[in-house]
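Per-entry structural report
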Amino acid sequence: SGLGLHSSNMASSAGIQCGKTGWFETVVKLSPRPRGFHIVTDEILKQVPQVKKFKVGLMHLLLQHTSASLCLNENADPDVRVDMEMIMNKIAPEEAPWVHTMEGPDDMPGHVKSALMGVSHTIPISGGRLKLGTWQGLWLCEHRDRASSRKIAVTIHGCLTDE
């Protein structure tokens, strides 16, 4: 759960009149998913309605795991996610001569994929909404065959709406 909004007075920044600034943080829990690439934008936003309180700002997301990743990519054609899974399995195959194998054959490839793809993003907020491109969405890239729920630490900072 979040710590709530904290605000202070501040002058305008970059041409935007900013009466009060605020901070918000929480941890979002994503439902368990099978291996693959899954659009999670709506699931995140349902758990962070506070984004609507920000006129302008930044939302930072940090996936708190080492065998999954967070990606900002195509949200329309599901074939993109299928192709991404295929190419990542070629880049970090389970059959490689891994030394770290105690957690199963999908674990070390998951660490490599997570390191390559990354676990964090910072996204602008404008008018209480994420300022994503038309075809952009946040993906949970699940690199394990059977993973539990995943957690994303979310921090928002910016100018609060006048409400």
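Everything below is about the structure printed above this text.
Residues numbered from 1 in each chain as written. Predicted model: local features only at pLDDT ≥ 70, side-chain atom pairs only at ≥ 80, totals over all residues. Heavy atoms only, no water.

To continue, consider the overall build of the protein chain. A tally of helices and strands in the protein chain yields three helices and nine strands. Ordered by position from N to C terminus, the α and β elements of the protein chain give β-β-β-α-β-β-α-α-β-β-β-β. Principal axes of the C-alpha set define a box for the protein chain whose edges measure 55 × 30 × 25 Å. Across the 163 residues of the protein chain, 37% fall into the buried class. Where the 17 positive side-chain charges of the protein chain centre and where its 17 negative ones centre are 8 Å apart. (Helix = DSSP H or I, 4+ residues; strand = E, 2+ residues; numbered from the N terminus. Buried < 20%, exposed > 50% of the residue type's maximum accessible area, 1.4 Å probe, protein only. Lys, Arg positive; Asp, Glu negative; His and termini not counted. Charge placed at Lys NZ, Arg CZ, Asp CG, Glu CD.)

Okay, the state of the cysteines next. This structure, assessed with the given rule, holds one disulfide. The thiol of cysteine 71 is unpaired, and the distance to the nearest cysteine sulfur, on cysteine 141, comes to 4.8 Å. Of the residues examined, cysteine 71 reaches a relative accessible area of 10% and is grouped as buried. (Disulfide = S-S within 2.5 Å.)

Within this structure, the stated rule accounts for seven salt bridges. Put simply, arginine 35 and glutamate 94 hold a salt bridge, and the shortest N to O gap is 2.5 Å. Taken together, the positions of arginine 35 in strand 3 (residues 34-39) and glutamate 94 in the loop between helix 2 (78-91) and helix 3 (107-117) put the pair 59 residues apart, joining distant regions of the chain. Using a relative accessible area of 21% as the deciding quantity, one classes arginine 35 as partly exposed. Given a relative accessible area of 25%, glutamate 94 falls into the partly exposed group. (Salt bridge = Lys/Arg side-chain N within 4 Å of Asp/Glu carboxyl O.)

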